[in-house]
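# Structure at a glance
Now for the letters of each chain:
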Amino acid sequence: MLKPKLGPPAVGSPADVQRARLDAAVRNMAQGLCLFDADRRLVICNQQYVDIYELPSELAQPGTQHEDIVNYRLAHGMRWDGGAEAFIRRNDARLAGSEVGIEIVELSNGRVVQVRHQPISVGGWVATHTDITDLRNREKELSLQNLRFDAAINNMSQGLSMFDGERRLVVSNARFAEIYGLPSEMLVPGTSVDILTGFLKNAPRGDGANAAGTIRALAEGAARGAEVVETADNRIVSILNQAIADGGWVSTHEDVTEQRNREARIRHLAAHDALTDLPNRTQFQEHIVKLQDRIRLGEMVAVLCVDLDHFKTINDTLGHSVGDGVLKAAAARLLHCCRQTDLVARLGGDEFAILQAPTPNVDTAAALARRIVQAAAQPLEILGHRIVIGASVGVAVAPNDGCDADSLMKNADLALYRAKSEGRGTFHFYEHGMDIALQKRLALEMGLRVALAHNELSLVYQPLVNLADNRISSFEALLRWNHPERGPIPPSEFVPIAEETGQIVAIGEWVLREACTAAAAWPEHIRIAVNLSPRQFGNKGLVTIVESALAASGLNPRRLELEVTESLLLIDSGSTLQILHRLRELGVRISMDDFGTGYSSLSYLRSFPFDKLKIDRSFVAESLSNPESLAIVKAVIGLGRSLGMETTAEGVETEAQLELIHAQGATEAQGFLISVPLPANAVASLLEATGSRHKDRFFASGYSRTGEKAG
Ligand code: C2E
Ligand code: CA
Ligand code: CA
């Protein structure tokens, strides 16, 4: 390597000066440089050249053969597939072309060198060697970044678009095209936004008119900030625009249709009942709240609370899918009864409510309540079951019965309680003082819970007389409750409560055991009749309980009669009939009680071979004054005869009634004319005294009609 002269301006021969200048230039180049003469001997090279190839200093001396340097470089890491000879041959060939040759050389230390050869006219060549490792790395990194960027934007769930200050597309992703249905060839960078919006106006997908919002949003870009638009095919897109420095803008486009639908569904679910899709309690109350101002100004509005009768029994015996079917059918019927302006809601369970607004007068509310009761009484066909369900309705009318949601609903509920306690299948308006009645009822419920344990329950027995021989054939066990504070409470008041709360199951079992034990002490030919409520059939253990009561008392099963009502058969449940048959197999007799008051369907009589029909006392009571009642009495007696069932006339109070039913051919009579219900000890003395012969009437025997010893 030649050392340039430093210091003051060069003096010497012009060649020296020239050489010194060349030296300085070569030394100060950023690249490595080497110059070979026609004999392939090194004329000059600079330190950068030496450094790139890590040449030992002896090879950097002028006069060094190119071949020696090539050999060294090949031995020290230059990547070249052939040997030194091939390298030199290629070099020569390139120089012969007298063209600038550029090649990239990779070294084993990872560095990359760009070599530029240029032949020299006087022979030999000059070559510059530029270390381009960093440049290469930067390029690699950049292309990697580009790849990553591409992958990132094309995998975004959102659409992305970027326009420059000239409103030309800079970049966009596939999702952007997809959201608006833009063809991909339209999305080459440089496309004007106006071309895109022009395409959308004549959207091939959906209705271009819908896309007005989209078009405005795309065209106005950053000026619009964030907004939600509709696309031609009715999708909802949330666009976020952000201005960028060059006057352009970048936007994200998110298809929020599903999200919006989901939100709407959630809002709907929060306000509606999932089974019937009717508005729920919250929604119902909110509606009343909305009407409150109008109510305060005197507008009349009716709230009807509707409760399905016997729903719990259906759900318990036929299962939840039938129960659900009943609720849906009931909802449909309620809607059918209402006008468009009425609001029907499901409050929960089998409770529904209707807001009738406006209600021109009380009669309109009454008419709706009546329609509901009537519609609900029609038989339903659910999953192959024929079901007769009824509804009870309570009505409160604003502003008289309250002005706010709470008091209107509370009062409609109180009226509903009354409708239910009046035997269901009916409606009732709210009356002042009903809350007191409810308090009383709740107190009864509480009292009933301990009545059994506190020995407050007892049985009385009312004889039934066989009209053929005028002898007592049996006694009906009737339940009495002697309340510690209120005194005797009639079963018509507490039995329905016990049925509703389910307490009748335990009470009924006690009645069975008590009655069987009492009857076991009576003469062999006297039977005992026990009332069963439908709730006791929901309990699978009924047959076992009856068996056990018989076994414990030692009573012959043939002496036990079980009285059931038609309501038991309202639900054509196979399991109810199965239980009846199993009871029958024990040897027990089954009577149909209160016949004529329920649905009095012949199909019930055919569904099970009852031993006895008991004609409800209401028909007997009116048999002499009301031709229709008489007709029913006659019909039932006739029916019993033709079906081979005994008939008992209940509630016989006068000689005339007794004569009449006797003449018609009834088998038995029961009623105050013969005897009031008697306590157990009175039964024993009665049987002893009369030998069960019914000569004189027993009703003068010193007991009240409810079975207490009179004064
Ligand atoms: P039910 O089964 O129809 O019982 C006959 C009812 O008629 C009894 O009323 C009885 O006292 C009454 N009665 C009898 N003769 C006459 C008469 O000549 N005139 C009038 N007006 N009434 C008469 P009670 O004891 O008040 O029972 C009412 C209802 O309570 C019963 O009607 C029955 O449905 C129910 N009940 C009573 N005891 C039980 C029981 O142990 N279990 C169940 N599940 N229900 C019972
Ligand atoms: Ca009865
Ligand atoms: Ca009866």
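Just above sits the structure.
This write-up is about the structure you can find in this document.

Further remarks concern the site of ligand 1. Around ligand 1 there are 20 residues in total, and Gln462, Arg480, Arg617, Glu653 and Phe672 lie nearest to it. In the model, a nitrogen atom of ligand 1 is placed 2.5 Å from a nitrogen or oxygen of the Glu653 side chain. Computed on the free molecule, ligand 1 has an accessible area of 790 Å², of which 84% lies beneath the protein chains in the complex. Those elements giving two or more residues to the shell around ligand 1 turn out to be strand S19 (471–483), helix H16 (491–501) and strand S23 (589–595). Considering each element in turn, the shell around ligand 1 owes the most residues, four residues, to S19. When the residues that make up the shell around ligand 1 are grouped by side-chain class, the tally is eight nonpolar, five polar and seven charged.

So, on to the pairing of strand S22 (residues 560–564). Summarising burial for S22: five of the five residues are buried, a large majority. Strand direction decides the pairing type here: strand S21 (residues 527–531) and S22, joined by four bridges, are parallel. Across the sheet, residue Ala529 finds its bridge partner in S22, namely Glu561. As defined by bridge partners, S22 adjoins S23 across four bridges and the pair is classed as parallel. Directly across from Val564, in S23, lies its bridge partner Met592.

Attention now moves to the coordination of the calcium ion (ligand 3). The calcium ion (ligand 3) binds to the protein through Asp593 (OD), Asp594 (OD), Glu650 (OE) and Glu650 (OE), with metal-donor distances spanning 1.9 to 2.7 Å. The motif formed by the donor residues of the calcium ion (ligand 3), counted along the single chain, is D-D-x55-E. Between the calcium ion (ligand 3) and the calcium ion (ligand 2), the interatomic distance is 3.8 Å, and Asp593 donates to each metal, bridging them. With a gap of 57 residues between them, Asp593 in strand S23 and Glu650 in the loop between strand S25 (646–649) and helix H24 (655–664) connect regions that are remote in the sequence.

Before going further, it helps to spend a moment on the pattern of salt bridges. This structure, assessed with the given rule, holds 30 salt bridges. In this structure, Arg346 and Asp273 form a salt bridge, with 3.0 Å as the shortest nitrogen-oxygen distance. Placement of Arg346 in strand S12 (residues 343–348) and of Asp273 in the loop between helix H9 (257–271) and helix H10 (281–296) is noted, with a sequence separation of 73 residues between them. Across the pair, Asp273 and Arg346 agree in class, each one buried.

In space, the five strands of this open sheet follow the order S2-S1-S5-S4-S3, with antiparallel pairing throughout. For this open sheet the edge positions go to strand S2 (42–45) and strand S3 (101–106), each flanked by a neighbour on one side alone. Here the strands of the sheet are splayed against their neighbours by 20 degrees on average, with no regard to which way each runs.

Core analysis: the largest hydrophobic core is formed by 80 residues, its most contacted members being Trp522, Ile528, Leu560, Leu562 and Ile661. Tallying contributions element by element places helix H17 (residues 504–520) first for this core, with eight residues.

What follows covers the packing of aromatic side chains. Per the stated rule, a full pass over the model turns up nine aromatic pairs. Between Tyr461 and Trp522 the ring centres are 5.4 Å apart and the planes differ by 90 degrees, which places this aromatic pair in the edge-to-face class. Remark: Trp522 occurs in the loop between H17 and S21 and Tyr461 occurs in strand S18 (residues 457–466); sequence separation between them is 61 residues. In this structure, Tyr461 and Trp522 share a single accessibility class: buried. Connected via pairs of aromatic rings, a cluster forms that spans Tyr461, Phe475 and Trp522. The residue whose ring lies beneath Arg73 is Tyr53, and the NZ or CZ to ring-centre distance is 3.8 Å.

The coordination sphere of the calcium ion (ligand 2) contains the protein donors Glu476 (OE), Asn531 (OD1), Glu563 (OE) and Asp593 (OD), at a distance range of 2.1 to 2.3 Å. Donor residues for the calcium ion (ligand 2) sit on one chain with the sequence pattern E-x54-N-x31-E-x29-D.

Tracing the chain through its elements places Asp164 in the loop between strand S6 (159–163) and strand S7 (169–172). There is no salt bridge for the buried Asp164, and the closest opposite charge comes from Arg168, which lies 5.8 Å off by N-O distance. In this structure, Asp164 is in contact with Val170, Asp246, Gly247, Gly248 and Trp249, ignoring residues within four places of it in sequence.

Moving on to the sheet that holds strand S10 (residues 249–255). Taken in spatial order, the five strands make up an open sheet running S7-S6-S10-S9-S8, and their pairing is antiparallel. Two strands bound the open sheet, and with one partner strand each, they are S7 and strand S8 (226–230). Adjacent strand axes in the sheet meet at a mean angle of 20 degrees when their direction is disregarded. Both S8 and strand S9 (residues 236–243) contribute to a ladder of five bridges, which runs antiparallel.

A few words now on the pairing of strand S13 (residues 351–356). Two faces belong to every sheet, and in a regular strand the side chains alternate between them. Taken across its six residues, S13 has five buried, putting it largely inside the fold. Looking at chain direction, strand S11 (residues 301–309) and S13 are connected through six bridges and run antiparallel. Counterpart to Cys305 in the pairing with S13 is Ala353. Turn length for the S12-S13 hairpin, with the two strands adjacent in sequence and antiparallel, is two residues, and the turn residue Gly349 shows positive phi of about 55 degrees.

Moving on, we get to unusual backbone geometry. For the bond from Ala357 to Pro358, the omega torsion is 0 degrees, close enough to zero to count as cis. If you trace the backbone, Pro358 turns up in the loop between S13 and helix H13 (362–377). Residue Pro399 is reached from Ala398 by a cis peptide bond, and omega for that bond is 0 degrees. With respect to the secondary-structure elements, Pro399 resides in the loop between strand S16 (390–398) and helix H14 (405–421). Here the phi dihedral of Arg167 falls at roughly 65 degrees; this positive angle occurs in a residue that is not glycine. By the element assignment, Arg167 lies in the loop between S6 and S7. Exposure remark for Arg167: the relative accessible area of 28% places this residue in the partly exposed category.

Thresholds applied
- Residues numbered from 1 in each chain as written.
- Chains lettered and ligands numbered in written order.
- Predicted model: local features only at pLDDT ≥ 70, side-chain atom pairs only at ≥ 80, totals over all residues.
- Heavy atoms only, no water.
- Near = heavy atom within 4 Å.
- Polar contact = N/O pair within 3.5 Å; in protein donor to acceptor, adjacent residues only side chain to side chain.
- Areas by Shrake-Rupley, 256 points an atom, 1.4 Å probe, with all protein chains shown as cover.
- Helix = DSSP H or I, 4+ residues; strand = E, 2+ residues; numbered from the N terminus.
- Nonpolar A, V, L, I, M, F, W, Y, C, P; charged D, E, K, R; others polar.
- Buried < 20%, exposed > 50% of the residue type's maximum accessible area, 1.4 Å probe, protein only.
- Pairing = 2+ DSSP bridges.
- Donors = N, O, S within 2.8 Å, 3.2 Å for Na, K, Ca; no water.
- Salt bridge = Lys/Arg side-chain N within 4 Å of Asp/Glu carboxyl O.
- Axes fitted to C-alpha atoms, helices over the stretch in contact; angles between N-to-C directions.
- Core = buried A, V, L, I, M, F, W, Y, C linked by side-chain atoms within 4.5 Å.
- Phe/Tyr/Trp six-rings, centres within 6.5 Å; stacked < 30°, edge-to-face > 60°.
- Lys NZ or Arg CZ within 6 Å of the ring centre and 35° of its normal.
- Lys, Arg positive; Asp, Glu negative; His and termini not counted.
- Contact = heavy atoms within 4.5 Å.

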